[in-house]
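Single-letter residue listing:
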Amino acid sequence: MDFLTLSQLNYLVAEKIQNAFPETYWIMAETSDVRVNKNGHCYLEFIEKRESSIVAKARGYIWANTYQLLRPYFELKTGRSFASGIKVLVKASIDFHPVYGYGLNVCDIDPSYTLGDMQLRRQEILNRLEEEGVLLLNKELEMPMIPQRIAIITSPTAAGYEDFLEHLRNNASGLVFYPHLFPAVMQGEQTGKSIIAALNKIYENRELFDVVAIVRGGGATSDLASFDTYELAANCAQFPLPIITGIGHERDDTVLDCVAHYRAKTPTAVADYLVGRLEEAAADLFACRSGIIHSANRLLSTAAEKIRQWTRYLPLYALHSIERQNETLNLVKDNLEKQRRQFILKEESKLKEKEYFFKLSSPEYILSKGYSVTLKDGKALKSVQSLHPGDRIETILWKGSIVSQVEETIAPQTAS
């Protein structure tokens, strides 16, 4: 009976596969379990998913000399590291190793395919944020006129952080800022969670800050994928303070940049933006100050001119006023004199009337008309009832008096 050893069979399969597939092929797949050994060789798996289920899998490898060229090129073009979980378009030859079995030997990679997939996923996140109505929330916040109190999210050891502080503190206009650091991881898989944790701390004291600056300097371009997550974008889009980003890249905006209130390229550009905002506010305040001074000087000049006019015309006005007052006083004086004369005449008339009344009422006048007054013991008699025969009485006439003695009294007759 003829037989083959396993190695003979595998070599035979390898030969057949090499003869059947002598060329290289462009293959679309998703990377998985990417790892690099100490010799610089990259080993991974290529998988194909359909509705979250793996429908195909193949072992892959990129030899060190090829990987040293492909990895920097891929990361430079895509802005993200060559790692698990990304869709790639690779050029590979089909290989069958007697020990390791079927595999794909990668010799080239097309970053534009990965870029397209990344852009598609980025757009999917933006569409979701827009559907939820939060995409533009942070952009619609009003930027404070004087953004001096700055909450900074970055790594405290990042070179970009020191550059940011240097630009703020030593600005040419001598403007004062109050930065406060909230440390966060700015590269790697923990970036999103770390920034969200920093945002939560800022939120607890949000009344102490005007803006939030998320800056990153000196990090690898391949780490920018950490800023393209839905969770980080949703938190930033709905944050109650304006967010300014400066995460150090020149290519297309990340999702974080798209939802932020303002996007700058670098940390120093963020500092320049904040300095510019304060310089604009200072210029506006200076313009207001100049306007106020100009208006005040104009009012003072107008008032001074009026004072000069009053100084010239006041003596004439005073003289004219005195003349008018004198005329008024003369009229009042004449009127008072007239009223005085009328009052005197009126009072004199009253006195004459009273004098005439008193004259008519005086005893002398009455006696002159033939009347007389009879006295007894110096008292006027009003009735004969107080007299008795023999009483001595005196009768007063207009001229002279008569003394007599009563002989008889006659009582007045009463009507029956």
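For the structure, see preceding data.
No experiment lies behind these values; they were computed from the predicted model shown. (Residues numbered from 1 in each chain as written. Predicted model: local features only at pLDDT ≥ 70, side-chain atom pairs only at ≥ 80, totals over all residues. Heavy atoms only, no water.)

Visitor: Could you clarify how one ought to interpret the overall build of the protein in this entry?
Guide: A count of helices and strands for the protein gives nine helices and 14 strands. A compact globule built from 416 residues would reach a C-alpha radius of gyration of about 22 Å, whereas the protein, at 62 Å, exceeds it by more than 25%. A burial count over the protein gives 32% of its 416 residues as buried. Each charge class in the protein can be summarised by its mean position, and for the 47 positive and 52 negative side chains these summaries are 11 Å apart. (Helix = DSSP H or I, 4+ residues; strand = E, 2+ residues; numbered from the N terminus. Rg over C-alpha atoms; globule rule 2.2 N^0.38 Å. Buried < 20%, exposed > 50% of the residue type's maximum accessible area, 1.4 Å probe, protein only. Lys, Arg positive; Asp, Glu negative; His and termini not counted. Charge placed at Lys NZ, Arg CZ, Asp CG, Glu CD.)

Visitor: Quick question: what am I supposed to make of the pattern of salt bridges here?
Guide: A side chain of one charge can pair with a side chain of the opposite charge if their charged atoms are brought near each other. Across all of its chains, the model carries 15 salt bridges by this definition. Residue Asp-117 is joined to Arg-121 by a salt bridge in which the shortest nitrogen-to-oxygen separation is 3.6 Å. With Asp-117 and Arg-121 both in helix α3 (residues 111-131) and four residues apart, the pair spans about one turn of that helix. Take Asp-117: its relative accessible area is 10%, and that puts it in the buried class. Overall, Arg-121 belongs to the partly exposed group, its relative accessible area being 34%. The partner of Glu-347 in a salt bridge is Lys-350, with the nearest N and O atoms 3.8 Å apart. On the criterion of helical spacing, the pair formed by Glu-347 and Lys-350 is a turn pair, its members being three residues apart in helix α8 (residues 267-361). (Salt bridge = Lys/Arg side-chain N within 4 Å of Asp/Glu carboxyl O.)

Visitor: Help me understand the side chain of Asp-210, please; the structure alone is not making it clear to me.
Guide: When you line up the elements, Asp-210 lands in the loop between α5 (191-204) and β8 (211-215). A distance of 3.1 Å separates a polar atom in the side chain of Asp-210 from the backbone nitrogen of Gln-148. Here Asp-210 is in contact with Pro-144, Ile-146, Pro-147, Gln-148, Arg-149, Leu-241 and Pro-242, once residues within four sequence places are set aside. (Polar contact = N/O pair within 3.5 Å; in protein donor to acceptor, adjacent residues only side chain to side chain. Contact = heavy atoms within 4.5 Å.)

Visitor: When you look at α3 in this model, what are you seeing that I'm missing?
Guide: Every α-helix winds through 3.6 residues per turn, so residues three or four apart in the chain are directed the same way. A rise of 1.5 Å per residue sets the reference length of α3, with its 21 residues, at 30 Å; its end C-alpha atoms lie 30 Å apart and thus fit the reference within 8%. Packed against the buried residues of α3 are α2 (64-78), β4 (87-97), β5 (101-109), α6 (230-237) and α7 (255-259). Gly-133 sits one or two residues past α3 and shows a positive phi near 75 degrees. (Expected span 1.5 Å × (residues − 1).)

Visitor: Looking at this structure, how should I read the layout of surface pockets?
Guide: Unfilled space is identified by rolling a water-sized probe across the atoms. Estimates place the volume of the largest pocket at around 590 Å³. Counting residues per element, the ones that place at least two in the lining of the largest pocket are α3, α5 and α6. Tallying contributions element by element places α3 first for the lining of the largest pocket, with four residues. The class makeup of the residues in the lining of the largest pocket is six nonpolar, nine polar and eight charged. Estimated volume of the second largest pocket: approximately 200 Å³. (1 Å grid on protein atoms, 1.4 Å probe; cavity = no way out; pocket = protein on both sides within 12 Å on 5 of 7 lines; lining within 4 Å. Points joined across faces, edges and corners; volume = space filled by probe spheres on them. Nonpolar A, V, L, I, M, F, W, Y, C, P; charged D, E, K, R; others polar.)

Visitor: Looking at this structure, I do not really get the pairing of strand β6 (residues 149-154). What am I missing?
Guide: On a regular strand, each side chain points to the face opposite its neighbour's, so the side chains alternate between the two faces of the sheet. For β6, the buried fraction is high: five of the six residues fall into the buried class. By the bridge criterion, six bridges tie β6 to strand β7 (residues 178-183) in an arrangement that is parallel. Note on β7: the bridge partner recorded for Ile-152 is Leu-181. You can see the chain leave β6, run along helix α4 (residues 159-169) and come back into β7, and the turn it takes is right-handed. As paired strands, β6 and β8 are joined by four bridges and run parallel to one another. (Pairing = 2+ DSSP bridges. Right-handed = clockwise from strand over helix to strand, strands pointing away.)

Visitor: Any chance you could explain the sheet that holds strand β2 (residues 42-50) here in plain terms?
Guide: Within a sheet, each strand pairs with its neighbour through backbone hydrogen bonds, oriented either parallel or antiparallel. Spatially, the five strands close up into a barrel ordered β1-β2-β3-β5-β4, and their pairing is mixed. Going across the sheet, the axis of each strand differs from the next one's by a mean of 55 degrees, ignoring polarity. Here β4 pairs with β5 via eight bridges, running antiparallel. Bridge pairing in β5 places Ala-92 opposite Val-106. (Axes fitted to C-alpha atoms, helices over the stretch in contact; angles between N-to-C directions.)

On their own, these measurements won't tell you what the molecule is for.
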